[in-house]
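Here is how the chains run, residue by residue.
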Amino acid sequence: MTTTTTSPVLTATGVTMRFGGLTAVQAVDLDVHPGEIVGLIGPNGAGKTTFFNCLTGLYVPTEGSVAYRGTVLPPKPHLVTQAGIARTFQNIRLFANMTVLENVLVGRHTRTKEGLWSALLRGPGFKRAETASKARAMELLEFTGLADKADHLSRNLPYGEQRKLEIARALASDPGLLLLDEPTAGMNPQETRATEELVFAIRDLGTAVLVIEHDMRFIFNLCDRVAVLVQGQKLVEGTSETVQSDERVIAAYLGTPFEGAPGAEEAAEVEAAESGATGGATQDEAQRGPTARTEDGQ
Amino acid sequence: MTTDKTQPTSVPTAEAGAPAPRTTLLRALTAAGGAAAVVSTFLAWTWTAEFPGDLTVYGYPGGLQLLTLVLGIATGVFALAALDLKGLRWLTPSGSTQALRLLALGTFAVTWFTVIAIAVDLDGLVNLEPGGWIAAVVTAAPVATTFLLPDDSRPLRRPKELPSWAEILIIAAVFAIGLYVVNYGIQTDADHPEPFLGYLIAVGFAAVALVKAGLISRISELTTSYRSVTLVAALITAIVFPFFQDKSSFTELGVNIAIFATVALGLNIVVGLAGLLDLGYVAFLGVGAYTAALVSGSTASTIDVKFPFWAAVITGGVVSLIFGVVIGAPTLRLRGDYLAIVTLGFGEIFRLAMLNLDGTSGPSVTNGPDGIPNIPPLEIFGFNFNDDHSVGGVTLDSNGNYYLLMLLVTVVVVLIFSRAGNSRIGRAWVAIREDETAATAMGINGFRVKLIAFALGATLAGVAGAVWAHFQSTVVPEQYVFAGPVPPNSTFLVAAVILGGMGTIGGPLLGATLLYLIPKKLEFLQDYQLLAFGIALILLMRFRPEGIVPNRRQQLEYHETGQLDVPGATGLKDGAVGVTKAEA
Ligand SMILES: Nc1ncnc2c1ncn2[C@@H]1O[C@H](COP(=O)(O)OP(=O)(O)O)[C@@H](O)[C@H]1O
Ligand SMILES: [Mg+2]
């Protein structure tokens, strides 16, 4: 599926992140090409969110570099966003006391430039920019299906819609690459399907997507390419088929093929796999199940 | 933000049927109780005019009796509205019982406060005339009846459409009443605490009653749909204020309120919008005041220049801005509470520096504790601010002149606050306040945006300080402390913002007014002012953390529940709501 030969939007080279003695991410290389949807999977604590934080400048990687369309990015979040990488957060980080529309307008920040003076003087330029921002924001709310809630406080939205709003807010900066950190966590199956459609639609608009997800059906439906992170290291990278059939992945993470029955049976299989060569953290993860959510990361 | 002035509501089913006979009876009794309270105010409550306000005259309510009178009338009228008397139903768009309870309680509290104060002040119950006893009894009765009434709270009833001139008239009337109420409070006798305490009790109960009745929501709907009319009305109300004062000292209260409210509003940009806790804000006021004093041409100034007023104000603002940037630039790069600590330190350093730049401990700049007196009176285009001026038959004295000047500054700061707050930069401030990590990840340069807020706040304080120095005609270091018994001090300003409501325009204005006026009128409180602040803030945090004036976001919540509760266009029962033009 990965036949793209264009130059990548994202090039991460040797990204390493250490917290004291803990190496959360170790020498990870990853490319994302225009028009691609790339999945990033791995058990909880594998370092996926930390990797995202390194990409977006929230953490300064201990080693390695991140480049957007060939330009190496400084590790400053606002410059990364300015350059064209936008993200959502695993544990939703909306501006709770702002309205839905205002949240998206904040997302427009890097693409507008009206400063304090222009706000105070309210010239025609200010009004034009403000109208244009609002129009673009409403467009994105239409796109994500939140238009009728534009005036609601974001903290009053149901969970699934909050996730959508995070996506709309990220899209407002007209990114060339969108990073989604567990976009379907806490969603019911219908909402998950809808999010799948949304991600396809985003890709069709010309934005490449890198997505962390625990829902395997979601990942394998959606992604052109999947990278597996285990204990900070990239274990495998390839098409859905390659990754699904890779023994190490099954052992380290899946425990069972993704369509497998849940519950006791799964746990038993996991334990069987466990007797292989996996550590305590992995066991922990498998017992919590693939969709267990944690409060880790950003 | 939602300017939908027609609240969609459904009429609850309980409303549909006639109320139980018992309810009707209780409401009628409450109305009678209100009437009895009114009558009782026409009796003498005590025999001597020694008690402030002269409550000795039959047939002529005075002093605290007036409060009982007004609340008694309100109780009666709202009880009649509860009885569905045609033409009064507009008074209770969201239910009558809670409002009635509060009004009855308010009447009771004011009356009993008065009666007890008479007994205490004059030493003994013998000082009460029969009228006092009667008043005490008849105001207790409605409390009992209203607490037996069933609660009839409901979502806001859809008001009848009024022609726009009528709605504008309502707004005008609201501001006129507001001005009257404020004037009444300002003009209470400062030598005795009783009248002002009674006033506070009455206003407090009445205000909450109006909120519960839904009238405040109605009014805020009107003011949002007629924004410019409201602004003009507010401005006119503020301008005419000094012309209604019969004593210059009342106008002076007005000047001080305007100054402190303005400074609190400036601080609200920093604290309320950008979420930066500035505990040394008063120092920026001081920087502006000292700068203006130094260049004012005062004989005591160590600099021998005389700038025109406008230039002095700009200099004050600019020097304050420089200090703001110098303090902010290193600190705002850090997250967390560093800013609070640094600004706290800066506030104290400023005061100590002003004390020590006296020529002996340091270079001679500020005359140390003597400050810079003799700032010459303002003169703009030959208009001397210290002289009386007559405008169309009414005379404006020096306080009046400064009041109007200060009002201009207030208006400018209000404009700046609302324009900056409602723009790209304002949204970035709020975003930073809400979640700094997410905000930077959305492309906001946190440091830059915070520095702008901090520096803007400092500049506005500097400008206000420059005007204040001219009004006071002197500056001394001891005015700029962290906490003290006289405003302004940083604690006062932060408390005004928090008490009033962070992030709003009305909040700090109201907060500063209350925090200034209450200790001013209740002199016995002065020694305990800080204690009272502390207690008030603790109670506030416990019961109303958003402050007295909820910000527009809380209003939105309110609107949202409206949207969720009601499927579309139900409750369009105009005929059921008997609001006629005449009553509006
Ligand atoms: N700021 C931090 N300080 C110390 N350890 C961290 C920090 N952020 C993440 N970690 C650790 O890094 C590891 C990877 O975490 P994370 O990237 O959140 O995993 P994932 O998103 O794959 O579930 C975890 O062991 C976590 O505890
Ligand atoms: Mg994570």
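Residues numbered from 1 in each chain as written. Chains lettered and ligands numbered in written order. Predicted model: local features only at pLDDT ≥ 70, side-chain atom pairs only at ≥ 80, totals over all residues. Heavy atoms only, no water.

- Labelled according to an unreviewed UniProt entry, chain B appears under the name Branched-chain amino acid ABC transporter permease, originating from Streptomyces antioxidans.
- As stated in UniProt under Subcellular location (unreviewed entry), the record for chain B gives "Cell membrane". (UniProt positions renumbered as here; feature names shortened; annotations may be inferred.)

## Regarding the domain arrangement of chain B
All names here are of chain B.
- Under the domain assignment, chain B is made up of domain 1 (21-238) and domain 2 (247-483).
- Relative placement of domain 1 and domain 2: their C-alpha centres are 39 Å apart.
- Contact residues are listed per partner, giving five residues for domain 1 and six residues for domain 2.
- Counting each side, the surface lost to burial between domain 1 and domain 2 is near 470 Å², with a carbon and sulfur contribution of 75%.
- Per-residue buried area on domain 1 facing domain 2 is highest for Ile186, Leu235 and Ala238; these three make up 79% of the total on that side.
- Applying the counting rule to domain 1 against domain 2 returns one residue pair in polar contact (both at pLDDT 80 or more).
- Class assignment of the residues belonging to the side of domain 1 that touches domain 2 gives a composition of three nonpolar, two polar and no charged. (Domains from an automatic or database assignment. Contact = heavy atoms within 4.5 Å. Buried area = accessible area lost by both parts, 1.4 Å probe. Polar contact = N/O pair within 3.5 Å; in protein donor to acceptor, adjacent residues only side chain to side chain. Nonpolar A, V, L, I, M, F, W, Y, C, P; charged D, E, K, R; others polar.)

## Some points on the coordination of the magnesium ion (ligand 2)
Residues and elements named next belong to chain A.
- The magnesium ion (ligand 2) binds to the protein through Thr49 (OG1) and Gln90 (OE1); the donor distances cover 1.9 to 2.1 Å. In this pair, threonine 49 sits in helix H1 (residues 48-55) while glutamine 90 sits in the loop between strand S6 (85-87) and helix H3 (100-107), placing the two residues 41 residues apart along the sequence.
- Using a relative accessible area of 1% as the deciding quantity, one classes glutamine 90 as buried. (Donors = N, O, S within 2.8 Å, 3.2 Å for Na, K, Ca; no water. Helix = DSSP H or I, 4+ residues; strand = E, 2+ residues; numbered from the N terminus. Buried < 20%, exposed > 50% of the residue type's maximum accessible area, 1.4 Å probe, protein only.)

## Quick look at the side chain of A:Ser154
All names here are of chain A.
- Tracing the sequence through the fold places serine 154 in the loop between helix H5 (124-144) and helix H6 (159-171).
- Separated by 3.3 Å, the side chain of serine 154 and the backbone oxygen of alanine 96 make a polar contact.
- Discounting chain neighbours no more than four positions away, the residues touching serine 154 are Leu94, Phe95, Ala96, Met98, Thr99, Val100, Asn103, Gln162 and Leu165.

## Description of the confidence of the model for chain A
Residue and element names in this part refer to chain A.
- Here chain A averages 85 in pLDDT, and 83% of its residues register 70 or above.
- Predicted confidence for residues 256-263 stays below pLDDT 50, and this span has nine contacts to residues more than four positions away or in other chains.
- For the stretch residues 276-298, pLDDT sits under 50, and the model shows 46 contacts to residues farther than four places along the chain or on other chains. (pLDDT = per-residue confidence, 0-100.)

## Some thoughts on the interface of chain A and chain B
- Of the residues lining the interface, 35 residues belong to chain A; the matching set on chain B comes to 34 residues.
- Considering only the surface of chain A that becomes buried against chain B, A:His78, A:His109 and A:Leu116 emerge as the three largest contributors, covering 18% of it.
- Here chain A is connected to chain B by two salt bridges.
- Across the pair B:Asp435 and A:Arg93 runs a salt bridge, and its minimum N-O distance is 2.8 Å.
- Where chain A touches chain B, the interface holds twelve residue pairs in polar contact (both at pLDDT 80 or more).
- Looking at the side of chain A that touches chain B, the elements that each hand over two or more residues are helix H2 (77-83), H3, helix H4 (116-121) and H5 of chain A.
- Grouping the constituent residues of the side of chain A that touches chain B by class yields 14 nonpolar, eleven polar and ten charged. (Salt bridge = Lys/Arg side-chain N within 4 Å of Asp/Glu carboxyl O.)

## Describing the sheet that holds S6(A)
Residue and element names in this part refer to chain A.
- Strand order in the open sheet made by the six strands is S6-S7-S8-S3-S9-S10, with mixed pairing throughout. Looking at the sheet topology across the chains shown, the edges are occupied by S6 and strand S10 (233-238). Each strand of the sheet is rotated relative to its neighbour by a mean of 20 degrees, with strand direction disregarded.
- Bridge count between strand S9 (residues 225-230) and S10: five bridges; the pairing is antiparallel. (Pairing = 2+ DSSP bridges. Axes fitted to C-alpha atoms, helices over the stretch in contact; angles between N-to-C directions.)

## Observations concerning the sheet that holds strand S5 (residues 71-72) of chain A
Residues and elements named next belong to chain A.
- The four strands lie next to each other as S2-S1-S4-S5, forming an open sheet whose pairing is antiparallel. Looking along the sheet, the strands with just one partner apiece sit at the ends: strand S2 (22-32) and S5.
- Examined bridge by bridge, strand S4 (residues 63-68) and S5 share two bridges and lie antiparallel to one another. Note that in S5 the partner of alanine 67 across the bridge is valine 72.
- Most of the contacts of H1 go to strand S1 (residues 10-19), to which it runs at about 115 degrees, and overall it touches S1, S2 and S4.

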